[in-house]
Structure formats: structure tokens, C-alpha cells
Amino acid sequence: MARYSRTEGTIALITLSNPPVNALGAAVRRTITDIMHRALTDGEVKAVVLCGENGTFCAGADIREFGKPPSGPALVPLIHDMEASEKPVVAAIEGVALGGGLEIALGCHYRIAHAKARLGFPEVMLGLIPGAGGSQRLPRLIGIPAALELITTGRLVSAQEALKLGIVDQVVDGNTIETAVKFALNVIGVCRPLLSRRLSERTPAFSVDAAAVLEEGMARVKQRARGAFAPVVCVQALRAAATLPYSRGMETEEQLINMLIDSSQARALQYCFFAQRNARKWSLPSGARWNNSKPRAVHRVGVVGLGTMGRGITVSLVKAGISVVAVEMEEKQMDLGMRAVLGMLERDAQRRGDTRPPTHLLTFTLSLQQLGNVDLVIEAVFEDMALKKRLFTELCNVCKPSTLLCTNTSGLDVDALAVVTHRRSLVVGMHFFAPANVMKLLEVVCGPHSSAEAVATAMTLGKRLGKVGVVVGNCPGFVGNRMMKLYLDQAYFLLEEGAAPEQVDQVLEEFGFTMGIFKVSDLSGLDVGWRVRKASGLIGPDVNPKTPSRWRQGCRYSPLPDLLCEQGHLGQKSGRGWYLYETPGGKEPKPDPAMHRFLQEYRSRYGLTPRHVHAHEVIERCTYAMANEGFRILEEGIAARAEDIDVIYVFGYGWPRHRGGPMFHAAQVGLATVLQRLEHYHQLHPDVPHLQPSPLLQRLVEAGSPPVHHWREHVQHLHSHL
Ligand code: 3H9
């Protein structure tokens, strides 16, 4: 947990030892408290150096302990005793000093950091504030504006930035612990008063009007928080630091963290933390797993298709230092794509202060033949199965036999593509999300033929690109878009019943979504879904002309988006969609009076009497319909865990992280309530079979609504894909 040793005769070396990240669990806190006391009371010890084992100082409190009854000594008294000591205490920071780890370091009198170390207060990402003095000491060290930015965003800083800000005293390239020991020897007994090094004794440095900075900070944070409490509470803690004496500030910090620690938002955010990490731990029915499957080396990647997705994927690969051969079939499209890719790389290089973007890694070509030597191909052509099949057949002839063939389809059958190749085991889906160079999510779609090696390679490549990869099974729309379809259906039905697009969007944004569903639809282009509906026979010549317009495949159907597309209202790009834009390509959505008239006419044409749609109905119908489909996805083995579904929604669909994801949200609302509300809505809308509660949801309620990580035990896999 922590080791005590003596070095250079008079220096006590305390080494935190709790792999993998030296989190401050109860046992660690107890051990450090004991050995720090020993060091501070041992007459032969003149100074203390505090460090972490295996190149990591400390990642803060043990997150697994949150929500459990408190045990072990608290961190605050330990930090106070250390800071109050007359013996200099030096922190030797390697790896990370985060959260409680940085709070301990701020309680030390001096901080030496390795050049590669990162420091910060990421508590806000867990629904918390720094709760062991960090919110009071950091502003006393670096001033209110800098502390405000770091604490409210949770941004980590490099050792170099920490040095500039004044968080650390020295940055070293060599051996941090040896340097810290020498440093400690130098400051023993020297008349450098420790008093000035005790941050609790300082008043925050005000270079500017703190009240104005805090007020501005609060406004900014509220605007960005999308309903999350923790960033707002961080500002309150900093206000206490700026206006109160240290001891009163600490009392406020304690009250504020106690208010947050058991909040539903903190639970949701901590759930997301572990869900994101668990998503890496995939397994296949064959028994192959993340930790027994070897990925292939990927040095050169082919990207076929330079539309919006292909461009983003190319940029992402090049930024990760991977050579790309980008293929486009038409010269004009190639020219547009090439300019767009180079422009994005140029802007990115400028942002990072690099003089030259890594364009040497790029080859643009009109010939598939140039893909002979790539390790992996990502196909990003139109969502047209016939086109993709032709391409995959050709790729098989062109690429070396070991090349992995990946498709970026957003919902088409990956197996159908695998079977046209002679290398079915090397075919997987790599479903990126637009814009692919920004969005974090990657669905890795695994078909029955996909090998563990192919899955491992796609997941590893995703990680190199900085993506959060989630392995999912193959079905129309996979996980994300399959659930999205039901979400969209509910939104269209709400319009039919009396709501306006901006009303639905406002409710969803107040719930915390980055953007309302109709704004998202305008941004992505209404024609995307139109093409998919045509391809799947929901509209077009294959539909029996006697089929009523609001009825398809045995259930209620809303032709609203099809009607808009027929009128050329495709969203932002055409200047009109669910909203009105100043010009085609405009970004600012405005409610459209013509849309309101169109909806009125539509309702009267179909004899629909508009009614007032309450906000809670918008949320319930949209989110419960999604979760209900999530339960079906789990039962079918398309997703391995409810957590994976939530990771997909948080990282790919703008679901508010502080609400955990659609499955976690359902659990927090209460599964019995969700079941009862779905039954209610299904009774009102028997023509929407997807509102009928799924068998898994019913079984979970019968089993007493167990917590999310126990749901798996109630899944009765019929044909598990994972
Ligand atoms: C806090 O300190 C509150 C204070 O103010 C005091 C209040 C009184 N606890 O991410 P990785 C596990 S709040 C428990 O894959 P990386 C993680 O689950 C805390 N476990 O590696 C994973 O386990 P597994 C503030 C933790 O190299 C393994 O370690 N601190 C913790 O990509 C490896 O993690 C934070 O928010 C933890 N604190 O990134 C820091 N941290 O292998 C959170 C990690 O079983 N942590 N684990 O899946 C991180 O940001 C990253 O994990 C870190 C390493 C950068 C440290």
C-alpha cells in the first residue's frame, strides 16, 4: 500500500504502492497516515520525499469506494499534518498526480515533476469537486482564473505547463526521485521558511477582479454544463476560496462535496468511467477475448471513398501517424476530398502550433490497384449494398491476402459483405461517427466469420486513433443506429400528435443532449435516412400502392421526413429542414413558420387532432423507447453489456454523460416505472409494437430490478453474437 525507507541517512522515502495507479483506497490512506506520522516524529528524519511506485505518483481517490460506507482515515487531516510539519516534504511526481493525488502533492512543501508527468483535478468528470483541500489550495497557488479553468473542466496539464503555472517547482528529464531527494537535502535546515510554502497560509493571488472572473466563469460553466451540477459547484468552491479564510473555505468544500458525493449525477459519471474502461474487455462466443487475442500490426491503411466519412477517417489516421492511401473513383470527388483533408490537417496543425501538417503520410489516388500493399482497408463509400459488394470483391483481388477489409457502413449487413470475399475471417465493421476526426465512438462490428485477430486489430487501431471502441454484433443499424431509429420514430410521432420540432429539441436539450434530435437530423442531412428507407423498401416502387401512407410493415409509420426530402428540404445543406437556415450550409437553426403550417396541413390531411405534448412525455417516449430496444439488443447478444450500450450513446450520440446512458437512466428512473410507462404508451399506441415492454425488462422487474451490472445474469441468449 505504501512503503517506508530511509535514504541519505536523514531522508524518509514514502512510496505509494497500490497498482495499477496507486489509488488512495482506505488501506493506502491508513498506511500513509501511519508512516507519515512515523517520518514526521522520527528525530533522525530531517525531510520526507513522497513518490509512487512503477512510475505513477497517484491517480487520486479509489473511485470504486465511492457510494460505499466510508472507512479508513480521511485524506484531509493527513494533508494538514504533512503541510504543518516543520520538516520539508517534497513530492516526486511521475506519471500522473490526479485528484486526491494532486491534493497530497499540494500539501507537500515542494513538487518536482518528471517531464512526462500529467497533473490535474478530473473530479468534475466524476460529478465531484476536489474534496481534500484542492479547491482551496490550487487557487492560492496559481490564482483564481487558472484554477477556475482547470477545476471546472477537469483538464490535465503537462509538467511543462504545470511549471509555467507554478504548480510544480522543477521539471526533470532524468530520475525524479533522485532529484527530489537531492532537493530535499538542499532545503533541510536552510532558512527557507516553510511558512511561505504552506498553501493554506496564503491568500489567493488576485491579479484581476476575482468576483468578475467568478461571475463570468459561472455563466460560462452553466451554459456548457447541460444540466450537470458538478461544474457549477466547482465555481462555488472557488468562490469560497476567494472570499473566505482557509478554514471556512475548507468547511464549505466539505459541505459541497458531501452534497455531490451521493448524487445521482456523480453515480452516473462514475458508472461511465468504468463502463468506458470495461468496453475494452470484449469477448467472442469462441472464447477469444481482449486479453488472449493478438492484433496485427497496422502500418499502412487504405481508405476508399472521400466523402464526409472517408475524409474524417483519413484525417484521424494521419494524425495518429499512420500512412494512408486514399482512393476515390471520380476525379472531381477526389479533388474535393483531397482539398478538404489537407485543409483539416492544416487547421489542426495551426491549432497545435505545428508548422507543417503530416501530409507526407498521404497518398491520393484514383486507382484501387494502389492498395496492394496496405495492411487494412476502410471502405467508406455510399450506403449501397450492391456497390459495397462489388468493391469488396475487387479489394480481394487487389489487396495482399492478409489485408483486413473493414466497412464503415452505418447499418448494412457486414456478413453479406464478408461472404463475397475469400477472407471472411478478415472482414469486420469499423463504424465511425461523423465527424470521424472528432467523434470518439467506434463500433467494431463482428460477424459470425470475423476472427478474434480481426476484432483485436480493429479495436487496437481504434485506440491508436483515440477512439472508444465497442464490439457489437451484426444486425441492421448495429446498436447505436438501431436504437436511434426508434428514438427518431417517437420524435416524428410527437410532431404528428401536436409538438413542434423546436419544442421537442428544447426538452431534449434541457434533459442534457448536446443537440435536439431535429437539429441533429438537419446537421447530418435528412437524405441520409431517406436513402436507407428507400434501400430497405419502406418507400419507393416496392411499396404496394394500397398501403396507407402512415403504415409500413405492420406498424405505424411517419412519412414526415420523406415529405420534407421530396420538397428538397434536406437540412442545413439545403437551408431548410426541420428548421430554417439563413443560407444553404447555414449553421443557425431558426423555427420555421412554414414548417408549422406544413405540420398543421399534414395533421388535418390525416385527421389528427393536435394536443399539447408535455415535456415529460417527450423524454419518456424518446428515452424509454430507446432503452426498451436496448433490452432487446442485450437479449439478442448484439451488445455484450448494458454498459456497452451506454458507452455508445454517451460517446456517439451526445447522450448527457451525467445521466449515464439510456440503460443506466432506465435503471435510475426505476425499471418498474419504465415498464409501467411503456405499458401505458403501448396501450395508447398499439400500432407501435416497439413500445411493448421487452421480455428482458419484464423479467428484470420480476427479479426485483437488480443493478445494471447484474442484468447479464437475466439475459436468455437465444443466438448470442458476442
Ligand atoms: C478524487 O481524487 C477525489 C478527491 O478530491 C478526494 C475526495 C475526498 N480509482 O484508465 P486506465 C483503474 S476522485 C480506482 O485504463 P490509463 C481503471 O479502472 C479521483 N481505479 O489507464 C483501470 O482498471 P482496469 C480523481 C482507478 O493509463 C486501471 O486503473 N482521479 C482509478 O489509460 C487503469 O486505468 C481521477 O479521476 C481510480 N482513481 O489512464 C483519475 N484510476 O484495468 C481517473 C484508474 O481494471 N483515472 N483506475 O480496467 C484516470 O484518469 C486514468 O485511469 C489514468 C490512467 C490517467 C490514471
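Since this is a predicted model, take the numbers as computed values, not measurements. (Residues numbered from 1 in each chain as written. Predicted model: local features only at pLDDT ≥ 70, side-chain atom pairs only at ≥ 80, totals over all residues. Heavy atoms only, no water.)

### Looking at the overall build of the protein chain
Which entries qualify depends on this criterion: Helix and strand definitions here come from DSSP, where helices need a minimum of 4 consecutive H or I residues and strands a minimum of 2 consecutive E residues; each element is numbered from the N-terminal end. Based on C-alpha atoms, the radius of gyration is set beside the globule rule, defined as 2.2 Å times the residue count to the power 0.38. Exposure is judged per residue with a 1.4 Å probe applied to protein chains only, and the accessible area is read against the type maximum: over 50% gives exposed, under 20% gives buried, and values in between give partly exposed. In what follows, residue pairs with any heavy atoms lying within 4.5 Å of each other are defined as contacts.
Helices and strands together make up the secondary structure of the protein chain, namely 27 helices and 19 strands. Computed over the C-alpha atoms, the radius of gyration of the protein chain is 28 Å, within 12% of the 27 Å expected from 2.2 N^0.38 for a compact globule of 722 residues. Here the protein chain, with 722 residues, has 55% of them falling under the buried criterion. Within the protein chain, residue pairs in contact and separated by at least 24 positions form 72% of the contacts whose partners lie at least 6 positions apart.

### Section: the layout of surface pockets
Let me state the cut-off plainly: A 1.4 Å probe that fits but cannot get out identifies a cavity on a 1 Å grid over protein atoms alone, an open set with protein on both sides within 12 Å along at least five of seven lines counts as a pocket, and a residue lines either if it has an atom within 4 Å of a point. Grid points are joined across faces, edges and corners, and a volume is the space filled by probe spheres set on the points. Residues were grouped as follows: Ala, Val, Leu, Ile, Met, Phe, Trp, Tyr, Cys and Pro as nonpolar; Asp, Glu, Lys and Arg as charged; and all remaining residues, including Gly, as polar.
Empty space within the second largest pocket amounts to approximately 600 Å³. If you trace the second largest pocket, you find 22 residues lining it, with Arg-267, Tyr-271, Phe-664, Pro-707 and His-709 closest to the centre. Within the residue set of the lining of the second largest pocket, elements represented by two or more residues are α11 (264–278) and α25 (662–669). Here the element with the most residues in the lining of the second largest pocket is α11; it accounts for six residues. Looking at the lining of the second largest pocket, its residues break down into 12 nonpolar, seven polar and three charged.

### Regarding the site of the ligand
Basically, it comes down to this: We call a residue near a molecule or strand whenever a single non-hydrogen atom of that residue lies within 4 Å of it. Polar contacts here mean pairs of N or O atoms no more than 3.5 Å apart (in protein, one a potential hydrogen donor and the other a potential acceptor; neighbouring residues in sequence count only if both atoms are side-chain atoms). With residues, only the protein chains shown are counted as cover, and all accessible areas are computed by Shrake-Rupley using a 1.4 Å probe.
What surrounds the ligand is a group of 24 residues, the closest being Gly-100, Glu-123, Arg-277, Arg-280 and Lys-281. A distance of 2.8 Å is found between a nitrogen atom of the ligand and a backbone nitrogen or oxygen belonging to Ala-59. Within the contact set of the ligand, an oxygen atom lies 2.6 Å away from a side-chain nitrogen or oxygen of Arg-277. Coverage of the ligand by the protein chains reaches 74% of its 1,000 Å² of free accessible surface. When residues of the shell around the ligand are traced back to their parent elements, those giving at least two are α3 (100–107) and α11. Of the residues forming the shell around the ligand, the biggest block, three residues, is contributed by α11. In the shell around the ligand, the residues fall into 13 nonpolar, four polar and seven charged.

### With respect to the side chain of Ser-85
Within the secondary structure layout, Ser-85 lies in the loop between α2 (75–84) and β4 (89–93). Ser-85 gets classed as buried once you look at its relative accessible area, which sits at 8%. A distance of 2.7 Å separates the side chain of Ser-85 from the backbone nitrogen of Lys-87, its partner in a polar contact. Contact partners of Ser-85, with chain neighbours within four places excluded, come to Leu-40, His-109, Leu-194 and Arg-198.

### Quick look at the side chain of Thr-457
In this fold, Thr-457 is placed in helix α16 (residues 452–464). Sequence-distant contacts of Thr-457, defined by excluding residues within four places in its chain, comprise Pro-295, Arg-296, Val-298, Leu-376 and Leu-404.

### Details of the UniProt feature "domain: 3-hydroxyacyl-CoA dehydrogenase NAD binding" (unreviewed entry) in the protein chain
How we decide: UniProt positions are given in the numbering used here, feature names are shortened, and annotations may be inferred rather than shown by experiment.
Taking the numbering used here, the UniProt-annotated feature "domain: 3-hydroxyacyl-CoA dehydrogenase NAD binding" (unreviewed entry) corresponds to residues 301–474. With 37% helix and 22% strand, the stretch residues 301–474 has end C-alpha atoms that lie 23 Å from each other.

### Points about the sheet that holds strand β9 (residues 170–172)
By definition, the strands of a sheet pair up through backbone hydrogen bonds, in either a parallel or an antiparallel sense. Going by this rule: For two strands to pair, DSSP has to find at least two bridges joining them. An axis is simply a line fitted to the C-alpha atoms; with a helix, the fit covers only the stretch in contact. Between two such axes, the angle follows the N-to-C directions and lies from 0 to 180 degrees.
Taken in spatial order, the six strands of this open sheet run β1-β2-β3-β4-β6-β9, and their pairing is mixed. Every interior strand has two partners, whereas the edge strands, β1 (2–7) and β9, have only one. Looking at each pair of strands side by side, their axes are set apart by 20° on average, direction ignored. Summarising the sheet, strand β3 (residues 47–52) and β4 pair through three bridges and their orientation is parallel. If you follow Val-48 over to β4, its bridge partner there is Val-89.

### Brief notes about the UniProt feature "domain: 3-hydroxyacyl-CoA dehydrogenase C-terminal" (unreviewed entry) in the protein chain
UniProt's entry tags residues 477–581 and 618–705 with the feature "domain: 3-hydroxyacyl-CoA dehydrogenase C-terminal" (unreviewed entry), counted in the numbering of this structure. End C-alpha atoms of residues 477–581 are separated by 29 Å, and the span's content is 51% helix alongside 4% strand. End C-alpha atoms of residues 618–705 are separated by 24 Å, and the span's content is 67% helix alongside 0% strand.

### Observations concerning the sheet that holds strand β5 (residues 96–98)
Strands sit in the order β5-β7-β8 across an open sheet of three strands; the sheet is mixed. With one partner strand each, in any of the chains shown, β5 and β8 (157–158) form the two edges of the open sheet. As judged from the two bridges shared by strand β7 (residues 118–120) and β8, these two strands associate in the antiparallel manner. The residue of β8 that forms the bridge with Leu-119 is Val-157. With respect to the sheet, α3 is in contact with β5 and β7, its orientation differing from that of β5 by roughly 95°.

### Quick look at the pattern of salt bridges
The condition that has to hold: Salt bridge, as applied in this entry: a Lys or Arg side-chain nitrogen positioned within 4 Å of an Asp or Glu carboxyl oxygen.
Considering all chains together, one arrives at 38 salt bridges under this definition. Across the pair Glu-53 and Arg-3 runs a salt bridge, and its minimum N-O distance is 2.3 Å. Taken as a pair, Glu-53 in the loop between β3 and α2 and Arg-3 in strand β1 lie far apart in primary sequence, 50 residues in all. You can call Glu-53 partly exposed: its relative accessible area is 22%. The network of salt bridges with common partners includes Glu-496, Glu-497, Arg-550, Arg-556, Arg-611, Glu-617 and Arg-621.

### Some thoughts on helix α9 (residues 230–243)
For the record, the criterion: An expected span of 1.5 Å times one less than the residue number is assigned to each helix.
For α9, spanning 14 residues, the distance from its first C-alpha to its last is 20 Å, which sits close to the expected 20 Å at 1.5 Å a residue. Extensive coverage of α9 is indicated by the burial of 11 of its 14 residues. Where α9 is concerned, the buried positions are Ala-230, Pro-231, Val-232, Val-233, Cys-234, Val-235, Ala-237, Leu-238, Ala-240, Ala-241 and Ala-242. On the buried face of α9, the contacting elements are α4 (134–142), α5 (144–153), α8 (210–225), α10 (246–261) and α11.

### A short note on the nonpolar core
Quick note on the threshold: Only buried Ala, Val, Leu, Ile, Met, Phe, Trp, Tyr and Cys residues count toward a nonpolar core, and they belong to the same one when joined by side-chain atoms within 4.5 Å.
Counting residues in each nonpolar core, the largest one holds 104 residues, and the members touching the most others are Leu-371 and Trp-578. The dominant element in this core, judged by the number of residues it contributes, is helix α23 (residues 615–635), at 10 residues. Here Trp-578 is in contact with Tyr-492, Leu-495, Pro-501, Phe-518, Ser-521, Asp-522, Leu-526, Leu-560, Pro-561, Leu-564 and Met-595, once residues within four sequence places are set aside. Grouped together as the second largest cluster of nonpolar side chains are 70 residues, Val-48, Leu-75, Leu-148 and Val-233 included.

### Notes on the environment of Val-504
Relative to the helices and strands, Val-504 resides in helix α18 (residues 501–511). On the basis of relative accessible area, Val-504 is assigned to the buried category, the value being 0%. Each C-alpha atom, one on Val-504 and one on Ala-491, is 7.3 Å from the other, the two residues being 13 residues apart in sequence. With sequence-adjacent residues up to four places away left out, Val-504 is seen in contact with Leu-494, Leu-495, Ala-499, Ile-517, Phe-518 and Val-618.

### Observations regarding the pairing of strand β12 (residues 362–365)
Quick note on the threshold: Handedness of a crossover: with both strands directed away from the viewer, a clockwise path from the first strand across the helix to the second marks it as right-handed.
Here strand β11 (residues 323–327) pairs with β12 via four bridges, running parallel. Counterpart to Ala-326 in the pairing with β12 is Phe-364. Read from β11 through helix α13 (residues 331–351) to β12, the crossover connection turns out right-handed.

### Describing the packing of aromatic side chains
What counts, and what does not: Between rings of Phe, Tyr and Trp, where Trp is taken as its six-membered ring, a pair exists when centres lie within 6.5 Å; planes separated by under 30 degrees are stacked, by over 60 edge-to-face, and by other angles tilted. Only when the NZ atom of a Lys or the CZ atom of an Arg is both within 6 Å of the ring centre and within 35 degrees of the ring normal do we say a charge sits over the ring.
Scanning the entire structure with this criterion turns up 14 aromatic pairs. Ring geometry for Phe-433 versus Tyr-653: centroids 5.3 Å apart, planes at 75°, classification edge-to-face. Of this pair, Phe-433 sits in the loop between β15 (427–432) and β16 (441–446) while Tyr-653 sits in the loop between α24 (642–652) and α25; the two residues are 220 residues apart in sequence, bridging distant segments of the chain. With relative accessibility at 15%, the residue Tyr-653 sits in the buried group. A centroid spacing of 4.4 Å and a plane angle of 20° characterise the contact between Tyr-649 and Tyr-653, whose relative ring orientation is stacked. Comparing Tyr-649 with Tyr-653, the two get one shared label, buried. Among the aromatic residues, ring-to-ring pairing joins Tyr-487, Phe-511, Phe-513 and Trp-655 into one connected group. One residue, Arg-556, lies across the ring of Phe-493, its end atom 4.0 Å from the ring centre. Just above the ring of Phe-511 sits the side chain of Arg-659; from NZ or CZ to the centre is 4.0 Å.

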